[in-house]
Every structure is written in C-alpha cells, then in structure tokens.
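Examination of the molecular architecture
Chain by chain, the residues run as shown.
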Amino acid sequence: EAGVAQSPRYKIIEKRQSVAFWCNPISGHATLYWYQQILGQGPKLLIQFQNNGVVDDSQLPKDRFSAERLKGVDSTLKIQPAKLEDSAVYLCASTRNPGQGYNEQFFGPGTRLTVL
Amino acid sequence: GENVEQHPSTLSVQEGDSAVIKCTYSDSASNYFPWYKQELGKRPQLIIDIRSNVGEKKDQRIAVTLNKTAKHFSLHITETQPEDSAVYFCAPGGTDKLIFGTGTRLQVFP
C-alpha cells in the first residue's frame, strides 16, 4: 500500500508570511495527525482528526495555525503569519481506526519549514 | 499533562554491545507503549510496542520491558550494529494518542 504523502518537502519563507502544508494519509485510515518536530526534540501533537472531525487541537496555536480535513481524506495545515520559532519539521501521520484497538501510526516524510 | 522522559539522552556503544534506553511516564492511564526509531532526516518508524497486560516482548535483537507499577518501560537492543545508529523515541499513550519522549541518540561504532 502507498504510504503517507506530504508536500512540499521543503519550504523557506520570511517571518510574517503564510504557508500551507498538504497531507494525504494511507487509504482507509480514519485518523490523521499533524505533529511539529523542532530540531533535537520529539514530535509534538498539534491536531488530531477522526474522519473530518477534530478530536484534539489543544496544542494548536490557534491564533496563527489552522487545519482542515474537509472530506475526511487529505488534510491541510496552515500557518499565518509565521514566526521564527515555527521553524521545524511538520509531520503527518495516520492510523486505521484506533477505536478497534491499538494501531501503529504511519508517518509521512515531513515538510521542513525554515522561517527567516 | 503527561510527562515523558528518556534516559540517557545520548548513548555510544561498540558494535556487538547491548544498549538499553529507559522511558518514564506520568499518566497512569497509559496502556500502550511503543518505541519509534528515527534515522537522520527520515520519518519516525515503529520498531516494537507492548500492551499494558504484557511485561516483556521480543523481536529478534530488540525487546521491550514494562513496569507499569513504577511507570517506566525500556528498550533493549542486543548485538548492536552500525545501522542501529539513530534517535529512539518512546511514545506512551492510549489507543489513539501518543506522547513522544525527548529522544535518545544512539551511536554504534564499528
């Protein structure tokens, strides 16, 4: 099966600009996650979707970050306006259906964002 | 919120030696305990996991042990090889949410 797809792979922007990342999960995976991974740290959950509904967005900086998964398949994460501290790798992950048991999270290759 | 710590933060071993990484967590409701491996510039990948009703699990050269009472679990790698060099993350959690640890950088020298 095809893996989790993300684009772009790299992005360089200046502070106060906006940026958007796209993720297409593995086919049939109901749950989609966006993580932020700052250099030298573990992935930090930003938002979790179950189909097209938000399950957890408690750590999403909602004044500048937004995310959507309108049709319950692919998802977009946006930052507007970007700050220097947003420089990180943004990872998307998906799982089949966690309600039916423990499920491995499959990660995409990530988007490396540099804010200058 | 959940507090997850890993020790050591860096670990250097000679090829063929064993490596042990310990993860401590604070949320007693955690019932799923995976370990992820992340090579430089690559995505995290699951290498082994354990459920709360099991004390130990082995898969070839890697094993995970769980002490739920003390709220810690450990990754054991035997007969280390240079390709084991990576950052390892524990990620205790439940059926649908994981909290990633601080990471342990393992270097295996030939």
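Residues numbered from 1 in each chain as written. Chains lettered and ligands numbered in written order. Predicted model: local features only at pLDDT ≥ 70, side-chain atom pairs only at ≥ 80, totals over all residues. Heavy atoms only, no water.

1. Quick notes on the overall build of chain A
Scanning chain A from terminus to terminus reveals 0 helices and 11 strands. Scanning chain A from its N terminus toward the C terminus, one meets helices and strands in the order β-β-β-β-β-β-β-β-β-β-β. Against the globule reference of 13 Å for 116 residues, chain A gives a C-alpha radius of gyration of 14 Å, in line with a compact fold. Its C-alpha atoms give chain A principal-axis dimensions of about 45 × 25 × 25 Å. (Helix = DSSP H or I, 4+ residues; strand = E, 2+ residues; numbered from the N terminus. Rg over C-alpha atoms; globule rule 2.2 N^0.38 Å.)

2. A short note on the overall build of chain B
Helices and strands together make up the secondary structure of chain B, namely 0 helices and 10 strands. In sequence order, chain B lays out its α and β elements as β-β-β-β-β-β-β-β-β-β. Relative to a compact globule of 110 residues, whose C-alpha radius of gyration would be 13 Å, chain B shows 13 Å and is just as compact. For chain B, the C-alpha atoms occupy an extent of roughly 40 × 25 × 20 Å along the three principal directions. Residues counted as buried form 41% of the 110 residues belonging to chain B. Long-range contacts, defined here as pairs at least 24 residues apart, represent 53% of the contacts in chain B between residues at least 6 apart. On chain B, roughly 5400 Å² of surface is accessible, and the fraction owed to carbon and sulfur atoms is 45%. Within chain B, one finds 12 positive and 13 negative side-chain charges whose respective centroids are separated by 5 Å. (Buried < 20%, exposed > 50% of the residue type's maximum accessible area, 1.4 Å probe, protein only. Contact = heavy atoms within 4.5 Å. Areas by Shrake-Rupley, 256 points an atom, 1.4 Å probe, with all protein chains shown as cover. Lys, Arg positive; Asp, Glu negative; His and termini not counted. Charge placed at Lys NZ, Arg CZ, Asp CG, Glu CD.)

3. Observations concerning the environment of Ser 18 of chain B
All names here are of chain B. With respect to the helices and strands, the residue Ser 18 is situated in the loop between strand E2 (10–14) and strand E3 (19–25). Placed 63 residues apart in sequence, Ser 18 and Gln 81 show a C-alpha to C-alpha distance of 9.7 Å. Every residue in contact with Ser 18, bar those within four places of it in the chain, is listed here: Val 13, Ile 77, Thr 78, Glu 79 and Thr 80.

4. Considering the nonpolar core
Core analysis: the largest hydrophobic core is formed by 22 residues, its most contacted members being Trp 35, Phe 73, Leu 75, Tyr 88 and Leu 106 of chain B. Ignoring anything within four residues of it in the chain, the contact list for Leu 106 of chain B reads Leu 11, Val 13, Ala 19, Ile 77, Asp 84, Ser 85, Ala 86 and Tyr 88 of chain B. Counting 21 residues, the second-largest nonpolar core is a separate cluster that includes Phe 21, Leu 32, Ile 47 and Phe 49 of chain A. (Core = buried A, V, L, I, M, F, W, Y, C linked by side-chain atoms within 4.5 Å.)

5. Here we look at the pairing of strand E6 (residues 56–59) of chain B
All names here are of chain B. Judged from the 4 bridges that link them, E6 and strand E7 (residues 62–67) form a sheet pairing that is antiparallel. Its bridge partner lying in E7, Asp 59 is registered against Ile 62. Taking the residues between adjacent antiparallel strands as the criterion, E6 and E7 are bridged by 2 residues, where Gln 60 takes a positive phi near 60°. (Pairing = 2+ DSSP bridges.)

6. Concerning the interface of chain B and chain A
With 17 residues of chain B at the contact, the number on the chain A side is 22 residues. With both sides pooled, the region where chain B packs onto chain A buries about 1700 Å², and carbon together with sulfur makes up 54% of that total. Asp 56 of chain A is paired through a salt bridge with Lys 97 of chain B; the nearest N and O atoms lie 2.5 Å apart. For the pair chain B and chain A, the number of links is 4 residue pairs in polar contact (both at pLDDT 80 or more). When residues of the side of chain B that touches chain A are traced back to their parent elements, those giving at least two are strand E4 (32–38) and strand E5 (45–51) of chain B. In terms of residue class, the side of chain B that touches chain A is built from 7 nonpolar, 6 polar and 4 charged. (Buried area = accessible area lost by both parts, 1.4 Å probe. Salt bridge = Lys/Arg side-chain N within 4 Å of Asp/Glu carboxyl O. Polar contact = N/O pair within 3.5 Å; in protein donor to acceptor, adjacent residues only side chain to side chain. Nonpolar A, V, L, I, M, F, W, Y, C, P; charged D, E, K, R; others polar.)

7. Here's the deal with unusual backbone geometry
For the bond from Ser 7 of chain A to Pro 8 of chain A, the omega torsion is -10°, close enough to zero to count as cis. Here Pro 8 of chain A shows up in the loop between strand E1 (5–7) and strand E2 (10–13). Despite not being glycine, Asn 51 of chain A shows a phi value in the positive range, around 55°. Within the secondary structure layout, Asn 51 of chain A lies in the loop between strand E5 (44–50) and strand E6 (53–56). Positioned with a positive phi, Lys 71 of chain B is a non-glycine residue whose angle comes to about 60°. By the element assignment, Lys 71 of chain B lies in the loop between E7 and strand E8 (72–77).

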